[in-house]
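# Residue-level structural notes
Given next are the chains, with one letter for each unit.
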Amino acid sequence: MPDTRAAVTQPVRFRGGGFLATRHRWAALAAFALLLAVWEGVSRLGLVSTLFLPPPSAVGRALGAIAADGSLALHLKASLLRIGVGWLMGTLAGIAVGFAMGIAPVARAVGVPLVSALFPIPKIALLPLFILWFGIGEPSKFATIGFGVFFPTVIATYSAIDAVPRNLIRMAQSFDLPWRDILRKIVLPGAMPGILAGFRITASIALILVVAAEMIGAEYGIGAFVLTAGNLMQTDQLLAGVLVLSLLGLGIGTLLSYVERRLLRWR
C-alpha cells in the first residue's frame, strides 16, 4: 500500500496571488523611461517633425529657460492661488451641503434633484456669465473653479455619509449616545474615505478649470502660458507648460495621499 503521508502534508499552492496588492516600485519608472527614450529617438531620427513633436531634451531646455528667467514662478504662483482659493470655496460649501443632504431628509429631498439638474452643466461655459457678474479679474476665475468643485464634493460627501453602516448608528442610539457624538465619532470617520476620494476628483477638476479659465482671460498662469506658446507655435514651451501641469497634478495627488495616511490611520 503506497504511503500517502507526504501527499497529505504537502502544502497547497495559494491560487489567489493574482489579486494580491503587490508593489512594483520600478515598473512605472521603467515604463516612463522607455516612453521618453522612444519619444527622443523618434524625434531625432526625423520620423516626426520637431515642430509638431519636439524631443524631451528640447522640452527640458525650454522648461529650464522659463525657470531661469522667473516666468515659470510667476505663472505657477498665479495658477496655484486660483486653484487654492477656488478649490477651498467649492469644497467647504460642498461638504456643508453634502452633510446636510446625508443627515437631513428634507435637505436630501430638495438637494438631490437640484444637484442632478445642475451638475451636468459644463462649468467653463458659465465663465462668460461669471465675468459679467464679477468682472474679468480673479473673482470670476475663483467662481468658475469653486462652482466646478462644489457639485462633485456634494455628491462624494452625500454618498459617503449614506454608505455609513446604519447598524453602527442604531447601536450608538441604543446606548443613548448624543447625536453630536454620533456624527463626530461614527458618521464622520465612516464617511471620511469617500470624502477624501472625492477630493482627488475635485483637485483634478480644479486643475482643468484653472487652465481653461486662464486661456480665456488671464495674463499670467500656466493656462495663459500654454495658450501663448501655442499661438506662437513654440511647441517646446507648450509641452514644457503641459509638463508643469502634469507635475502639479502629481504633487497634488501626493499631498492628498499624505493627508489620507494621516486622517485614516485608524484603518
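Below, the structure is looked at part by part. Keep in mind the model is a prediction, meaning the values are calculated, not measured. (Residues numbered from 1 in each chain as written. Predicted model: local features only at pLDDT ≥ 70, side-chain atom pairs only at ≥ 80, totals over all residues. Heavy atoms only, no water.)

Structurally, Gly86 is set in helix α4 (residues 71-103). By relative accessible area, Gly86 is classed as buried at 0%. For the pair Gly86 and Gly148, spaced 62 residues apart in sequence, the C-alpha separation works out to 8.9 Å. With residues up to four places along the chain from it excluded, the contact list for Gly86 reads Phe142, Ile145 and Gly146. (Helix = DSSP H or I, 4+ residues; strand = E, 2+ residues; numbered from the N terminus. Buried < 20%, exposed > 50% of the residue type's maximum accessible area, 1.4 Å probe, protein only. Contact = heavy atoms within 4.5 Å.)

Helix-helix packing: each pair is described by the crossing angle between the helix axes and the interaxial distance. Close contact between helix α5 (residues 105-118) and helix α7 (residues 138-162) brings their axes to 11 Å; oriented N to C, the two are set at 135 degrees. In terms of orientation, α5 lies oblique with respect to α7. Pair α5 / α7 crosses with left-handed handedness. Residues Arg108, Val112, Val115 and Leu118 of α5 form the contact with α7, whose participating residues are Phe151, Val154, Ile155 and Tyr158. (Axes fitted to C-alpha atoms, helices over the stretch in contact; angles between N-to-C directions. Parallel < 35°, antiparallel > 145°, perpendicular 65-115°, else oblique. Left-handed = near helix turned anticlockwise from the far one by under 90°.)

Here the structure, examined in full by the defined rule, presents six salt bridges. The salt bridge involving Asp181 is made with Arg184; its shortest N-O contact spans 3.2 Å. Taken together, the residues span about one helical turn, with Asp181 and Arg184 both in helix α9 (residues 179-217) at a distance of three residues. According to the relative accessible area criterion, Asp181 is buried, its value standing at 18%. Across the salt bridge formed by Glu260 and Arg200, the nearest N and O atoms sit 3.4 Å from each other. Taken as a pair, Glu260 in helix α11 (residues 235-263) and Arg200 in helix α9 lie far apart in primary sequence, 60 residues in all. Each of Arg82, Glu138 and Glu214 takes part in a single network of salt bridges with overlapping partners. (Salt bridge = Lys/Arg side-chain N within 4 Å of Asp/Glu carboxyl O.)

For the rest of this paragraph, the subject is the environment of Ala156. Relative to the helices and strands, Ala156 resides in helix α7. Ala156 sits in the buried class, given a relative accessible area of 16%. When residues no more than four places from it in sequence are discounted, the contact partners of Ala156 are Gly194 and Gly198.

The next point concerns the side chain of Arg82. Within the secondary structure layout, Arg82 lies in helix α4. A residue is classified by how much of its surface remains accessible, and Arg82, at 4% relative accessible area, is buried. Separated by 2.8 Å, the side chains of Arg82 and Glu214 make a polar contact. At 2.7 Å, the side chain of Arg82 forms a polar contact with the backbone oxygen of Tyr220. (Polar contact = N/O pair within 3.5 Å; in protein donor to acceptor, adjacent residues only side chain to side chain.)

Their axes nearest at 8 Å, the elements helix α10 (residues 222-231) and α11 cross at an angle of 160 degrees. One element, α10, and the other, α11, form an angle in the roughly antiparallel class. As α10 packs across α11, the resulting crossing turns out to be left-handed. For the pair α10 and α11, contact is made by Ile222, Phe225, Val226, Ala229 and Gly230 and by Gln237, Leu238, Gly241, Val242, Val244 and Leu245, respectively. A per-class count over the contact of α10 with α11 returns eight nonpolar, three polar and no charged. (Nonpolar A, V, L, I, M, F, W, Y, C, P; charged D, E, K, R; others polar.)

A few words now on helix α3 (residues 56-68). Since there are 3.6 residues in each turn of an α-helix, residues three or four apart along the chain are aligned in direction. The terminal C-alpha atoms of α3 lie 18 Å apart, and with 13 residues this matches the ideal 18 Å at 1.5 Å per residue to within 8%. Within α3 the residues assigned to the buried category are Pro56, Ala58, Val59, Ala62, Leu63 and Ile66. Angularly, the buried residues of α3 cover 160 degrees about the axis, an arc narrow enough to put them on a single face. Opposite the buried face of α3, by more than 90 degrees, sit the exposed residues Arg61 and Ala68. Gly70 lies just past α3 and shows a positive phi near 90 degrees. (Expected span 1.5 Å × (residues − 1). Arc of directions from axis to C-beta.)

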